[in-house]
Amino acid sequence: MTPLLRRATADDLRALAEVDARGFGNHQSDADLENFKPLFEPDRFLLACDPDSGAIVGVTGSYPLEVTLPGGAVLPAPGVTWVSVDPTMRRRGILRAMFTEQHAGFVEDGLVLSLLTASEGAIYGRFGYGVTTLNRSFEILRRRAVFRADVPDPGGVRYLDAEAARKHAPEVHRRWCARTPGAVTRSDAMWDMWFRDDERWRGGGSGLFYLAHRDGFASYRVHHSDDSAAVQDMFAATDDAYIALWRVLLGLDLVEKVTGYKSVAMDDPLPLMLADPRRVQTTHLDDGMWSRVLDVPAALAARTYAAEIDVVLDVHDGFLGRGGRFRLRGGPEGATCDPTDATADVEFAIGVLGSLLFGAGRATTFARAGLAHGLPEVLRRMDAAFTADRDPQHGTGF
Ligand SMILES: CC(C)(COP(=O)(O)OP(=O)(O)OC[C@H]1O[C@@H](n2cnc3c(N)ncnc32)[C@H](O)[C@@H]1OP(=O)(O)O)[C@@H](O)C(=O)NCCC(=O)NCCS
């Protein structure tokens, strides 16, 4: 079946939610949909419809996000979301048809990058997406997690009620985003949804508790079934705020373990703060956010580089034809990147760039996987230049 593609209208919400429900196994109540309305921009949702009946059989949407690159530049980037196809219509090319149209629209709009978080790891590489951040689930047995004597105790943390936290968190989050590659913005509507703390999504836990420091914000809920505290958000704009928030979380007297799934990056300093770094147990590691470069020269010129680099890249893009050969000249102060006919130094598929652009993974590692090709010394120079101050983190699922 060749689906008919059309933009959604406000009236489609219930029907597209039904496709989503079948895909993800979650029915949405009228109240859920009412709550979602502030986030629903129908124009940003593309529907695949049965050409005979008109029934909606597929959906893909996007949120208007912004993302931070190494060096601090912020680019607008659609966060692709609500992707699903009716289970009775699987593997007939409906996702591919929707993605082709949706991403052609992104290119037409002059967007440089698109982003998504994936339900399964095998779907999006073929569309030129590369893994940008990791979700690291962790568990800390609190009673044995003792801070080293030489780690500061900055203090300054207090509890806020939801209303005060709603005011405090966005400002801290903006500052956290500014210093974190891969960090995505939250709109007011997203913050409102976050703070609604709907009972249905609590997984049997308590309502959220909100911790605030002048330069930091954390939220957690307590699960009495196993005496755990599950960290939902953890954003700190200074190192002191980060240490202070963790000191409170690991000091919750009646809690046996502190858990979370996205707030402790792979290069996170938390294990170093503890007398026994092994207390921060990684229980699961997954791809977090993926990004797709839509405009190679604009993306590469938007970030800074840790070391001087002058390299010709040959980028392959079988999905959107946005590849080509580009000369990148960059350093700590900025970069230029232009199409060129010069011989390429390094060659790879565009998905690799979704990782390298954010300092996620090294060119030499992609070469070891057979996914990047170039002289070892050029790849090593790329490693030195593309590395970021800290590992990328997206901070918000979407
Ligand atoms: C994932 C999903 C949207 C795919 O839709 P679909 O219409 O069956 O996909 P298509 O037929 O257009 O497939 C496009 C390509 O992706 C591949 N693909 C699709 N789903 C895949 C999966 N789950 N795992 C691996 N590959 C997959 C297809 O084999 C096809 O490959 P090719 O074109 O390179 O040969 C659909 O299975 C679904 O709704 N799943 C449940 C909800 C979900 O996980 N949504 C994604 C949220 S991030």
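Residues numbered from 1 in each chain as written. Predicted model: local features only at pLDDT ≥ 70, side-chain atom pairs only at ≥ 80, totals over all residues. Heavy atoms only, no water.

Our focus in this paragraph is empty space enclosed by the protein. Applying the stated criterion across every chain, the model contains 1 cavity of 30 Å³ or more. Looking at the largest cavity, the residues that line it are W176, Q232, D233, M234, F235, K262, S263, Q393 and G395. Here the lining of the largest cavity gets 4 residues from one element, more than from any other, and that element is strand 11 (residues 228–236). (1 Å grid on protein atoms, 1.4 Å probe; cavity = no way out; pocket = protein on both sides within 12 Å on 5 of 7 lines; lining within 4 Å. Points joined across faces, edges and corners; volume = space filled by probe spheres on them. Helix = DSSP H or I, 4+ residues; strand = E, 2+ residues; numbered from the N terminus.)

Together, R90, R91, R96 and R126 line one region of the surface with positive charge. Its place among the elements puts R90 in the loop between strand 4 (74–85) and helix 3 (94–108). (Patch = residues over 30% accessible without salt bridge, like charges linked within 9 Å, V, L, I, M, F, W, Y side chains within 5 Å. Areas by Shrake-Rupley, 256 points an atom, 1.4 Å probe, with all protein chains shown as cover. Salt bridge = Lys/Arg side-chain N within 4 Å of Asp/Glu carboxyl O. Lys, Arg positive; Asp, Glu negative; His and termini not counted. Charge placed at Lys NZ, Arg CZ, Asp CG, Glu CD.)

With that settled, consider the pattern of salt bridges. The tally for this structure, following the rule as stated, stands at 25 salt bridges. In this structure, the salt-bridge partner of D233 is R186, at a minimum N-O distance of 2.9 Å. In this pair, D233 sits in strand 11 while R186 sits in the loop between helix 4 (162–178) and helix 5 (188–196), placing the two residues 47 residues apart along the sequence. Like D233, the residue R186 is buried in the burial classification. In this structure, R292 and D317 form a salt bridge, with 2.4 Å as the shortest nitrogen-oxygen distance. Within this pair, whereas R292 is found in strand 14 (residues 289–293), its partner D317 is found in the loop between strand 15 (309–316) and strand 16 (324–331), the two being separated by 25 residues in sequence. With a relative accessible area of 12%, D317 lands in the buried category. (Buried < 20%, exposed > 50% of the residue type's maximum accessible area, 1.4 Å probe, protein only.)

Where helix 4 meets helix 5, the axes come as close as 11 Å, and the angle between the chain directions of the two elements is 135°. What the angle tells us is that helix 4 and helix 5 run oblique. With respect to the hand of their crossing, helix 4 and helix 5 are arranged in right-handed fashion. In contact with A162, A165, R166, A169, P170 and H173 of helix 4, helix 5 contributes D188, W191, D192 and F195. Residue composition of the contact of helix 4 with helix 5, grouped by class: 6 nonpolar, 1 polar and 3 charged. (Axes fitted to C-alpha atoms, helices over the stretch in contact; angles between N-to-C directions. Parallel < 35°, antiparallel > 145°, perpendicular 65-115°, else oblique. Left-handed = near helix turned anticlockwise from the far one by under 90°. Contact = heavy atoms within 4.5 Å. Nonpolar A, V, L, I, M, F, W, Y, C, P; charged D, E, K, R; others polar.)

The next thing to look at is the domain arrangement of the protein chain. When the parts of a complex come together, some accessible area is lost, and that lost area is often taken as the interface size. Segmenting the protein chain into domains produces domain 1 (4–111), domain 2 (135–287) and domain 3 (295–386). For domain 1 versus domain 3, the separation of C-alpha centres amounts to 31 Å. Contacts between the two partners involve 14 residues from domain 1 and, on the opposite side, 11 residues from domain 3. Contact with domain 3 buries surface across domain 1, with L69, P70 and V107 losing the most and accounting together for 51% of the total. (Domains from an automatic or database assignment. Buried area = accessible area lost by both parts, 1.4 Å probe.)

Turning our attention to the pairing of strand 10 (residues 216–223). For strand 10, a buried count of 8 out of 8 residues is recorded, marking the element as mostly surrounded by other parts of the structure. Along strand 10, one buried face is formed by G216, A218, Y220 and V222 and the opposite face, lined by F217, S219, R221 and H223, is buried too. Relative to strand 10, strand 9 (residues 209–213) is paired through 5 bridges, and the arrangement is antiparallel. Opposite H213, over in strand 10, you have G216 as the bridge partner. The pairing of strand 10 with strand 11 spans 8 bridges and is antiparallel. By the bridge assignment for strand 11, R221 is matched with A230. Linking two consecutive strands that pair antiparallel, namely strand 10 and strand 11, is a turn of 4 residues; a positive phi of about 50° is found at D227 within it. (Pairing = 2+ DSSP bridges.)

Okay, the side chain of H394 next. Its location among the elements puts H394 in the segment after helix 11 (376–386). If near-sequence neighbours (up to four positions away) are discounted, H394 is found in contact with T117, T133, N135, W176, G182, A183, V184, G288 and M289.

Here the focus is the site of the ligand. Within the structure, the ligand sits among 20 residues, and V83, R91, R96, S119 and R126 are positioned closest to it. R90 is positioned such that a nitrogen or oxygen atom in its side chain is 3.0 Å from an oxygen atom of the ligand. In this structure, an oxygen atom belonging to the ligand sits 3.4 Å away from a main-chain N or O atom of I94. For the ligand, the accessible surface in isolation is 900 Å², of which the surrounding protein chains cover 79%. Secondary-structure elements contributing two or more residues to the shell around the ligand are helix 1 (13–24), strand 4 and helix 3. (Near = heavy atom within 4 Å. Polar contact = N/O pair within 3.5 Å; in protein donor to acceptor, adjacent residues only side chain to side chain.)

With that settled, the discussion passes to the sheet that holds strand 16. The strands making up a sheet are joined through hydrogen bonds of the backbone, oriented either antiparallel or parallel. Overall, mixed pairing links the 5 strands, which are arranged 17-16-15-18-19 in an open sheet. If you trace the sheet from one side to the other, it starts and ends with strand 17 (334–339) and strand 19 (372–374), each paired once. Sheet twist, expressed as the mean angle between neighbouring strand axes with direction ignored, is 25°. Bridge count for strand 16 against strand 17 is 6 bridges, and the pairing is antiparallel. Directly across from R327, in strand 17, lies its bridge partner D338. Strand contacts of helix 11: strand 15, strand 16, strand 18 (346–349) and strand 19, with the helix running at about 105° to strand 15, the strand carrying the most contacts.

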